[in-house]
Amino acid sequence: MPSVTLTPDGAGNACLTVDGTSVATVSIGANGNVGVMLPSPDTTDVYVTRDMTDSLTNKGSGIDASATHITGRKAKRPDIAIPIEDGIPVSPSPGAFPLIGQDDYLYDVMFGMRERKHMAIFGDTGCGKTASIEWLTALLNWNLVIVSITPGSNEDSFIGTQLPAAHEVTGAPTVEWVDRMIASAVRMSHDRPTVLLIDEINRIRDVNEYASLMPLLDGTARLTLATGETIDKGDLVLVATANPPQEYVGTNELDPAFENRLPWTPSITYPAFADEALALLSRVPSLDASVAKRMAEVVSKIRKAGEITHPVGFRTLLMWAEAMVSGCYTWSESAERALVAKFPDDERQPVRNILAMWNVDEAGLPVA
Ligand SMILES: Nc1ncnc2c1ncn2[C@@H]1O[C@H](COP(=O)(O)OP(=O)(O)OP(=O)(O)O)[C@@H](O)[C@H]1O
Ligand SMILES: [Mg+2]
């Protein structure tokens, strides 16, 4: 245990030293709360002795009396940075859109990629799971192979398949192996870091379908094809995305053994409405900023309303904004077509009630 001292400075604060080095200032507020101010973003742990925890606990710091250290700020984020220009994350290619207001989530995914950790990302529809991987792989110049699971998907459709062919020389009937996305991704990972994105993984119906992927994620790190050929894994990270099971029709629980092999689980939720309004403006620049804010507020209220369960993602917001700026629809017409129509019959009136909470003219601008 390091030697720790707490020296009052006479002005309501105390200097915390560890082995003679000052590591933090401890302040005791008028309400008895104790704040620990760490001097540098590199400092993550501040050690406290039993005596100190006793006195801090007595002063209402919320520190557990048995604690031997308290954790300070997050470690410095040295070499995983999100490039920003004009306040908006950089778009590395025309098809790769940055996510706005999701910095912590993006940082977590970048960490997973840097550490080559297979990941499972759960999140509601349209919150940016797929777009984030498209953007990050474009930014870092990695290969990206996307496999979208549909109810009919099976090994043949996503790993590879044997098709009837004619022998090159004799013309006799034979079979020929054809790589599908997963086999291609594993081969590509020998040339460049590669993300194999299995989108909507929990739409796989048969748990046996996971079995062929397991060795790729284990120490064996190879894919065995139906022909018996094996392809060793190169520099490959598997990212699986899924909508939360139970809440979405057609989704299933992930096979626990498979989920276990995806150790890093960045979590993503819809951004705060102010960020979503900014995101909307970045995609539809001709939209009036106050209209963008109102749209994002409406959608945020819908997501919080207890009687509305149908999810509403960014795509809906985007469609609504595009309908508005087209000049073809008024505020209420575009809302009815792009937003209300997305909900099941019994949830449409509650959505209209939320829309009616704002007094706006048909251009979506506030009525004085
Ligand atoms: N925070 C955001 N900032 C900017 N654009 C966003 C944001 N969130 C989502 N989008 C955009 O919304 C669209 C839908 O995102 P995406 O397809 O990644 O959603 P998803 O989470 O994969 O949804 P699903 O579960 O339905 O597959 C994309 O065009 C994406 O760029
Ligand atoms: Mg997706």
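See the structure shown above.
Rules and cut-offs
Residues numbered from 1 in each chain as written. Chains lettered and ligands numbered in written order. Predicted model: local features only at pLDDT ≥ 70, side-chain atom pairs only at ≥ 80, totals over all residues. Heavy atoms only, no water. Helix = DSSP H or I, 4+ residues; strand = E, 2+ residues; numbered from the N terminus. Buried < 20%, exposed > 50% of the residue type's maximum accessible area, 1.4 Å probe, protein only. Contact = heavy atoms within 4.5 Å. Axes fitted to C-alpha atoms, helices over the stretch in contact; angles between N-to-C directions. Parallel < 35°, antiparallel > 145°, perpendicular 65-115°, else oblique. Left-handed = near helix turned anticlockwise from the far one by under 90°. Salt bridge = Lys/Arg side-chain N within 4 Å of Asp/Glu carboxyl O. Nonpolar A, V, L, I, M, F, W, Y, C, P; charged D, E, K, R; others polar. Near = heavy atom within 4 Å. Polar contact = N/O pair within 3.5 Å; in protein donor to acceptor, adjacent residues only side chain to side chain. Areas by Shrake-Rupley, 256 points an atom, 1.4 Å probe, with all protein chains shown as cover. Domains from an automatic or database assignment. Core = buried A, V, L, I, M, F, W, Y, C linked by side-chain atoms within 4.5 Å. Phe/Tyr/Trp six-rings, centres within 6.5 Å; stacked < 30°, edge-to-face > 60°. Lys NZ or Arg CZ within 6 Å of the ring centre and 35° of its normal. Pairing = 2+ DSSP bridges.

### A look at the side chain of His118
Position of His118 among the secondary structure elements: in the loop between helix H2 (103–114) and strand E9 (119–122). Judged by its relative accessible area of 9%, His118 is buried. In this view, His118 contacts Leu216, Leu217, Lys233, Leu236, Val237, Leu238, Arg261, Leu262, Pro263 and Trp264; residues no more than four positions away in its chain are not counted.

### Some thoughts on the packing of helix H9 (residues 273–283) against helix H11 (residues 314–325)
The axes of two packed helices give the description: the angle between them and the distance between them. Interaxial distance between H9 and H11 falls to 10 Å at its minimum, and their mutual angle equals 55°. Classified by the angle their axes make, H9 and H11 are oblique. Here the hand of the crossing between H9 and H11 comes out right-handed. Mapping the contact onto sequence places Glu276, Ala279, Leu280 and Arg283 in H9 and Phe314, Leu317, Leu318 and Ala321 in H11.

### Observations regarding the pattern of salt bridges
Evaluation of the coordinates by the stated rule reveals nine salt bridges. A salt bridge links Arg114 to Glu115; the nearest nitrogen and oxygen atoms lie 3.0 Å apart. For Glu115, a relative accessible area of 34% puts it in the partly exposed group. For the salt bridge of Asp235 with Arg116, the shortest nitrogen-to-oxygen distance reads 2.5 Å. Of this pair, Asp235 sits in the loop between strand E15 (230–232) and strand E16 (236–242) while Arg116 sits in the loop between H2 and E9; the two residues are 119 residues apart in sequence, bridging distant segments of the chain.

### Quick notes on the environment of Gly112
Looking at the secondary structure, you find Gly112 in helix H2. Classification of Gly112 as buried rests on a relative accessible area of 0%. Along the chain, Gly112 and Trp264 lie 152 residues apart, while their C-alpha atoms are 6.6 Å from each other. Look past the residues within four positions of Gly112 in its chain and what remains in contact with it is Lys117, Met119 and Trp264.

### Focus on the packing of H2 against helix H3 (residues 129–140)
Interaxial distance between H2 and H3 falls to 11 Å at its minimum, and their mutual angle equals 55°. By the angle between their directions, the pair H2 and H3 is classed as oblique. In this structure, H2 crosses over H3, and the sense of that crossing is right-handed. Where H2 approaches H3, its residues Tyr105, Leu106, Val109, Met110 and Met113 are matched on the opposing element by Lys129, Ser132, Ile133, Trp135, Leu136, Thr137, Leu139 and Leu140. When the residues that make up the contact of H2 with H3 are grouped by side-chain class, the tally is 10 nonpolar, two polar and one charged.

### Overview of the site of ligand 1
Among the 20 residues in the neighbourhood of ligand 1, the closest are listed as Thr125, Gly126, Lys129, Thr130 and Ala131. One of the backbone N or O atoms of Ile100 is found 2.9 Å from a nitrogen atom in ligand 1. The separation between an oxygen atom of ligand 1 and a polar side-chain atom of Asn243 is 2.9 Å. Surface burial for ligand 1 is 91%, taken as the share of its 640 Å² of free accessible area covered by protein chains. Those elements that place two or more of their residues in the shell around ligand 1 are H3, H9 and H11. In terms of residue count, the dominant contributor to the shell around ligand 1 is H3 (three residues). In terms of residue class, the shell around ligand 1 is made up of nine nonpolar, six polar and five charged. Residue contributions to the shell around ligand 1 reach at least three from each of two domains, namely domain 2 (85–269) and domain 3 (273–355).

### Focus on unusual backbone geometry
Here Arg116, not a glycine, exhibits a phi torsion of approximately 55°, which is positive. One non-glycine residue, Asn141, lies in the positive phi region at around 60°. Tracing the backbone through its elements, the reader meets Asn141 in the loop between H3 and strand E10 (143–148). Its relative accessible area of 53% is what places Asn141 among the exposed residues.

### Quick notes on the nonpolar core
Leu280, Leu287, Met295, Ile302, Trp320, Leu339 and Leu355 are the most contacted members of the largest nonpolar core, which has 33 residues in total. Those elements giving two or more residues to this core turn out to be H9, helix H10 (289–304), H11, helix H12 (331–339) and helix H13 (345–355). Per-element tally for this core: the top contributor is H10, with seven residues. Core analysis: the next-biggest nonpolar cluster, separate from the first, contains 30 residues, Ile182, Ala183, Ala242 and Phe258 among them.

### Describing the packing of aromatic side chains
Taken as a whole and judged by the stated rule, the model has two aromatic pairs. On the numbers, 5.0 Å between centres and 50° between planes, the contact of Phe111 with Trp264 is tilted. One end of the pair, Phe111, is in helix H2; the other, Trp264, is in the loop between helix H8 (256–260) and H9, with 153 residues separating them in the sequence. A residue is classified by how much of its surface remains accessible, and Trp264, at 29% relative accessible area, is partly exposed. The positively charged end of Arg303 is found above the aromatic ring belonging to Tyr270, 3.6 Å away from the centroid.

### As for the sheet that holds E10
An order of E9-E16-E13-E10 is seen for the four strands of this open sheet, with the pairing classed as parallel. Of all strands in the sheet, those bounded by a partner on one side alone are E9 and E10. Each neighbouring strand pair of the sheet contributes to a mean axis angle of 20°, computed without reference to strand direction. Where H2 meets the sheet, its contacts fall on E9, strand E13 (194–199) and E16, and the angle it forms with E9 comes to roughly 160°. Together, E10, E13 and E16 form the strand contacts of helix H5 (residues 181–188), whose direction differs from that of E10 by roughly 165°.

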